[in-house]
Every structure is written in C-alpha cells, then in structure tokens.
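Each chain, written out:
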Amino acid sequence: MSFIPGQPVTAVVQRIEICKLRQCDNLILGFSIGGGIDQDPGQNPFSEDKTDKGIYVTRVSKGGPAEAAGLMIGDKIMQVNGWDMTMVTHDQARKRLTKKNEDVVRLLVTRKSLEDAVRNAMV
Amino acid sequence: MWSVTSHLVYTFFTSHVPGAERSRHKSRSKDGSRSEKSVTINAPPAEPLLGDSSVRGEEVQDDNWGETTTAVTGTSEHSLSQDDIVRITKDMEDSVGLDCRRYAALTVSAVLGLLVLLTPIAFLVLPHVLWRPQDCDTACQGLLISLAFKLLILLLAVWALFLRPQRARLPRVFVFRALLMLLMLLVVVSYWLFYAVRIIQSQDKNYHGIVQYAVSLVDALLFIQYLAIVLLELRHLQATFSVRVTRSTDGETRHYSLGQLSIQRAALAVLENYYRDFAVHNPALLMAAKSRAAKHLAGLKVYNVDGPANNTTPSQSRAMIAAAARRRDTSHNELYYEEMDQERRVRKRKARLVVAVEEAFTHIKRMQEEEQKKTPGEVMDPREAAQAIFPSMARALQKYLRTTRQQHCHTMESIQQHLAFCITNNMTPKAFLESYLSPGPTLQYAREHWLARHWTLVSEDSVTSGLKDGSVFLLKCIDFSLVVTTRRISFIKLSEEFIDPKSHKFVLRLQSETSV
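Residues numbered from 1 in each chain as written. Chains lettered and ligands numbered in written order. Predicted model: local features only at pLDDT ≥ 70, side-chain atom pairs only at ≥ 80, totals over all residues. Heavy atoms only, no water.

K.L.:
For this particular structure, what's the right way to read the overall build of chain B?
P.N.:
A count of helical and extended segments in chain B gives 15 helices and six strands. Across the 516 residues that make up chain B, the buried fraction comes to 30%. Taking the contacts inside chain B whose residues are at least 6 apart along the sequence as the reference set, 74% of them involve residues at least 24 apart. A total of about 33200 Å² of accessible surface is found on chain B, and carbon and sulfur atoms cover 60% of it. (Helix = DSSP H or I, 4+ residues; strand = E, 2+ residues; numbered from the N terminus. Buried < 20%, exposed > 50% of the residue type's maximum accessible area, 1.4 Å probe, protein only. Contact = heavy atoms within 4.5 Å. Areas by Shrake-Rupley, 256 points an atom, 1.4 Å probe, with all protein chains shown as cover.)

This is the structure in structure tokens:
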C-alpha cells in the first residue's frame, strides 16, 4: 500500500455501504478515523508503511452501523462516495464522511487480508 | 617471629595425633577470623612491604597498640627485614657512583658557565692589558652598558637552565642538554680563535670594534639560550602521546598525556605521576589471589604408571591443565561469598570507627584567647590533646586497618602525629579519617614506603630515542613493575559549521482521531 509519487496507486478494495444512524439530531456512522496528510504517519499503528498518510479506521464501535456493514478496524479508506481519501487532510476526511444531506456512505476500503486472499486465489 | 616459629613447631609435633587436624584448623581459623572478642593473639606478621617473608632478621612488631595505648612510649614500629638490609647496602654502594656522576655533570655546567661569563670580559680587558687601544666614545660606552646587562641576563639564564639540582639520574646522558652545552662551547672556542688570530696578533686599535665583537658573542650565546629553552622546556609541553600505565600486581591503570620526549625522560615523567596518582602498593591485598591460584592446581597430581617418576613430559603437563579446566570448580562461589562477607565486615568496622572518632573529637575543644588567661589549668598543646583522645579511638581504628589490611602502612606514632595535625588545623573527624579510609598515593606515607627509589627501565628501543606510537617499556622496582604503552594522539580534523539562529523552527506532531 505504499505509493510511488507519479505512479497510480493500485489496491484490492472492498465496497462497504454504511447507512447512517440518526441519534438525537446527529447522523453517526459508528467508527473513528485517524491519519491525513497533515498528521504524523509514524504513529499510525495500523499502516504497514509508516510513511502512509492515508485515512485509517482506528475504532469501530460495537453494534454500530459500520460494524454491521462489515468495516473492520485497521482498514484504509480509499474513497468515500467517489471522493478520494488517499491525499486529504484529517479535517477534509471528517467533512466528507459527515455530510448532513447524505444518509448513506459508500466506502472503498482496503486491507492486507484482501490482498492475500486475492493472491492465494490466483495461485 | 616467635609466634610463627612456635606455630610451625606446634604443627610438627601434633601431626601424628589423630585429633590434630581439628585443632590445627581451629587455631588457623582463630587466627584468621576478625573475631569480636579481644584481639590478644600476636597475629602472624603480614607479608612485609618488600620481598617475601623469609623472616630471618625481623623484630617483633607490637600490633596490639589498639589495646595498650595509655601512655606514649616514643618507640617507633620500625621493623627491618633481611631484604631491607640488603637493599640499604646496595643503595650505599650505588650512591657513591651516583654522586660522582651527578657532581661531574654539575661541574661541567659550572665550568661552562664560568667560561661564558669571563669570555666577554676577557675580550674587553685584554686590549687594555696588552696594548693601548683608543679611548671609548659615547657609542662605545653605550655598547658597554648593553653588554653588561646582556651578560647579567645570560648568567641568570645559564643558572636557571643548566645549574638546576638534578632531580633524577637517567641511565643515558640527556642528549639535548649535552648537545647544547657542546654548541655553546663551540661558539665560545671559535670566537676565541678569531679573537686570538685577528685581534691580538694585529693589535687592533679600534676599541669600538672590539666592544662590538664582544657584544655579538653575548648575543649569540643568548640565542643559544633561547634554543635551549625551546628544546628543553617547551617542546615537550604540547601533548603528542597518550601513555597508559599499568601496575603489574593489581592492574591499576592511569592514562597520561606526554609530549615528544625521549623514553628515559618519559619514564621520569611517568614515575613522578606514579607517586602522586597511584594508590600505594599493598602486597597484603594480593595474597587472596595467590592462594586461589595455588588451590587450582593443587588438587591434581600426575602419576606416571609406566616410566620412572619426575619425568614431566609436555604431554603430561598439558593433560594436567586440561584436567584442571574440566574439573568442576566451585571456587567462584567461594570468591563471591567471601567478597560479600569482606565488604560487609569492612562496612561494619568503618561505621564503628566513624562513630568512635566523632565521639573522640567531641572531647576536645579549642580554647579562645580570653579563656586562656582565665583558666591556665588544664591547657594542652595539640600533641598532648592528640595523645589524650587517641586511646578512645585506637581500638576501632586498629581493627579497621586490620580488616582492610593496611595496618603495616600506619604506625601509632604517625597516627598520633596526624591527629595532632588535624586538631591544630581545625579539621573535622571526617577529614582526619580520610587518609585511613582508602589507600592514598605513595607520597602520603612514611619514607619507608618509597624506599624503592631505584627503578630499572627495560626497553627494546634505545632509551634516548623518542617515543613512538606503540612503544612499550617497563619500569621495574623490587616489588612490582609498571607497564607503559604509548599511543600517538591522532590527527584531529576540526571543521566549522554555521547554523543560522533563525533556522531553529519546530512543528507539532499531530495524531488526532475523530469519530464519525
């Protein structure tokens, strides 16, 4: 999942569709994100490559809509509703996920096990 | 000595008695234990400072001054052993040769100095004696004044550089000094030659020229003095070598920086630093290691089944070494526990000693001037005061010295002297104890301890050659030797880097987590 500047990033992704839950005037998704191009990538416990400044899922609350949709802790979010998440600041990522007029977010997430599964299937 | 011989006799007679083993063990343990009961046995004298204890000429040393000090007897505990006597006679023989050489060097320097002083004066006086030159005009008289002062400076320089009391005798001649004296002699002789040939023979009337000639001689000599200062005093000040000095008996190591010196002068510098820095050589501390080493190979004995005995072939000795290595040795265990015990014992004794000394010091109070006039009754001078408070701390001090095996370094007399000294100078008990708690440098102790003024320099290279990287030489004295290795201080490349003070900028390392 490391990127070479100038080359397109390729990854095996999983589509996850989360329906936002309405909870006293807030729409919540049920997970926490960390990372961003303005953050320190060295402290990210989930990334393989410590220079990766992407958005990672750091916590999934139990029984929330994210868990129900199959989001797992440590996933890297590549796209949210078509918007790229690999080169955004932390605040931009938060905004994209918490738009008030959207009820559903469609994420493209990647994780290591996906890569391994595809490789094993090809052998 | 009596106790040692009686001990030997006792074991001889009781070796056949079945209960002898136990009693022998008991007596040995009684001797060796630092028991809390009264120390009444005359402990076998510790190995004397120099040589082994073949006790042929040793007087009985009263080690129990800790219990018996109520009065000052004035006898000093000075014991001579056979080796001492041998060495003193050797010293006396050496000193005759030593003095000759020392005085020879001194006389040569004195003669040269005298020559240097008298030559310019002779140059000036001889024309007046032999023939009548012109009278001296103002410029000439000015030159005479300057000549006088320069001569005075030259004399002082010669006295300072060449007429110093020699502080050591080196094995070979000091090359630089000899060369410089030779140069001076050469200059003086050549000037005399020129003077004799050109001036006396031609009876030159120009006195101004003669005075100038004399002044030029003094100038030349002053420049030689300058060269002497640079070669003898300044050149070796810049540190070029780092030497590592190790004592062979206990491995104590120091490092020193030396300049470019010949090996003999470097040895001299090392010895001067040795007396100041190294703790005094205490052979009593080495006995434990020797006994351990003896025990290692003692248990093995090689029996030659086939051939006659007393034929230790190399294969046999190698077999012995291999067997000794393989044997399950628990001596490391003994060492560990013994060291722990010793440390605890020393600390206990030290605590008792500190308390005793502090208590003793409270008995003494310095009297003020006004009080002195009021109560002239029991006024004591420092020596009497020291003798008064000494008995209360003597026992604790002696026990401590015995435990740390320093008892032969300090005599009762020296301790009382030190105590009087501390009282006079208002020192605290801690300051008084400082010289007994840890072994100090050799300079601190009485003169017997540095009786080994005779050192032997052992070196592969010639001793007048300079120090080189990796040169090794040995300084042997009777009890131990100092191993000196040299390393050249490497060439240091220093470069400069400029950091703009405005370039010190910082950013925060963020790691935030937002829940969505």
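K.L.:
For this particular structure, what's the right way to read the UniProt feature "transmembrane region" (unreviewed entry) in chain B?
P.N.:
In this numbering, the UniProt entry assigns the feature "transmembrane region" (unreviewed entry) to residues 103–131, 143–162, 174–194 and 214–234 of chain B. Segment residues 214–234 of chain B splits into 100% helix and 0% strand. End C-alpha atoms: 29 Å apart. (UniProt positions renumbered as here; feature names shortened; annotations may be inferred.)

K.L.:
In this structure, what is going on with a nonpolar patch on the surface? I would like to understand it.
P.N.:
Residues and elements named next belong to chain B. A surface patch of nonpolar side chains, about 680 Å² in accessible area, is lined by Leu-115, Val-173, Val-175, Leu-179, Leu-182, Leu-185, Val-189 and Leu-193. Sorting elements by how many residues they give to the nonpolar patch places helix α6 (residues 175–202) first, with six residues. A relative accessible area of 41% means that Val-189 is categorised as partly exposed. (Patch = residues over 30% accessible without salt bridge, like charges linked within 9 Å, V, L, I, M, F, W, Y side chains within 5 Å. Salt bridge = Lys/Arg side-chain N within 4 Å of Asp/Glu carboxyl O.)

K.L.:
It is not clear to me how the state of the cysteines should be interpreted in this structure. Could you clarify?
P.N.:
Simply put, disulfide is the name for a covalent bond between the sulfur atoms of two cysteines. Residues and elements named next belong to chain B. Counting across every chain of the model gives one disulfide over all chains. The side chain of Cys-136 participates in a disulfide bridge whose partner is Cys-140; the two sulfur atoms lie 2.1 Å from each other. Negative torsions about the S-S bond denote left-handed disulfides, and the value of about -75° found for Cys-136 with Cys-140 makes this one left-handed. Cys-140 sits in the buried class, given a relative accessible area of 1%. (Disulfide = S-S within 2.5 Å.)

K.L.:
Teacher, can you tell me more about the packing of helix α5 (residues 138–162) of chain B against α6(B) here?
P.N.:
Packed helix pairs are specified by the crossing angle of their axes together with the interaxial distance, meaning the distance between the axes. Residue and element names in this part refer to chain B. In contact at an axis separation of 13 Å, α5 and α6 are set at 155° when each is read in the N-to-C sense. For the element pair α5 / α6, the angle class is roughly antiparallel. Note that α5 runs across α6; the crossing there is left-handed. Of α6, the residues touching α5 (which contributes Val-158, Leu-161 and Phe-162) are Arg-177, Leu-180, Met-181 and Met-184. The class makeup of the residues in the contact of α5 with α6 is six nonpolar, no polar and one charged. (Axes fitted to C-alpha atoms, helices over the stretch in contact; angles between N-to-C directions. Parallel < 35°, antiparallel > 145°, perpendicular 65-115°, else oblique. Left-handed = near helix turned anticlockwise from the far one by under 90°. Nonpolar A, V, L, I, M, F, W, Y, C, P; charged D, E, K, R; others polar.)

K.L.:
Honestly, helix α13 (residues 382–403) of chain B in this entry has me stumped. Any pointers?
P.N.:
A turn of α-helix holds 3.6 residues, and therefore any two residues three or four places apart point the same way. Residues and elements named next belong to chain B. The terminal C-alpha atoms of α13, which comprises 22 residues, lie 29 Å apart, in line with the 32 Å expected from a rise of 1.5 Å per residue. Largest kink in α13: about 55°, centred on Pro-391. Once α13 finishes, Arg-405 follows within two positions and takes phi at roughly 60°, a positive value. (Expected span 1.5 Å × (residues − 1). Bend = angle between axes of the 7 residues up to and from the residue.)

K.L.:
It is not clear to me how the interface of chain B and chain A should be interpreted in this structure. Could you clarify?
P.N.:
Frequently, the measure chosen for interface size is the accessible area removed from exposure when the parts meet. Taken together, the contact pairs eight residues of chain B with 18 residues of chain A. Together, Gln511(B), Thr514(B) and Val516(B) form the three largest contributors to the area buried by chain B at its contact with chain A, with a combined 56%. The interface formed by chain B and chain A holds one salt bridge in total. Note that Glu513(B) is salt-bridged to Arg59(A), the shortest N-O span being 3.7 Å. Residue classes in the side of chain B that touches chain A are distributed as two nonpolar, four polar and two charged. Of the pairings in the sheet, the one linking strand β4 (residues 31–34) of chain A to strand β6 (residues 513–515) of chain B comprises three bridges and is antiparallel in character. Looking at the pairing, Gly34(A) lines up with Glu513(B) of β6(B). (Buried area = accessible area lost by both parts, 1.4 Å probe. Pairing = 2+ DSSP bridges.)

K.L.:
What am I meant to see in the pairing of strand β1 (residues 241–247) of chain B here?
P.N.:
The side chains of a regular strand alternate between both faces of the sheet. Residue and element names in this part refer to chain B. Counting buried positions along β1 gives five out of seven residues, so the element sits mostly inside the fold. As judged from the six bridges shared by β1 and strand β2 (residues 253–258), these two strands associate in the antiparallel manner. In the strand pairing of β2, Thr-246 is matched with Thr-253. Adjacent in sequence and paired antiparallel, β1 and β2 are bridged by five residues, among which Gly-251 carries a positive phi angle near 75°. Inspection of the sheet shows β1 paired to strand β5 (residues 481–488) by seven bridges, in the antiparallel sense. Bridge pairing links Phe-241 to Arg-488 in β5.

K.L.:
What is the right way to read the pattern of salt bridges from this model?
P.N.:
When their charged atoms lie close together, side chains carrying opposite charge are able to pair. Using the criterion set out here, one finds 17 salt bridges over all chains in the structure. Residues Asp91(A) and Arg94(A) are paired through a salt bridge, measuring 3.0 Å at the closest nitrogen-oxygen approach. Highlighted residues: Asp91(A) and Arg94(A), both in helix α2 (residues 90–97), separated by three residues, approximately one helical turn. Of the charged contacts, one joins Asp277(B) and Arg276(B) as a salt bridge, the two residues approaching to 3.2 Å between their closest N and O atoms. On the basis of relative accessibility, which here comes to 23%, the residue Asp277(B) falls in the partly exposed class. Salt bridges here are not isolated pairs; linked through shared partners, they connect Arg247(B), Asp250(B), Glu252(B) and Arg254(B).

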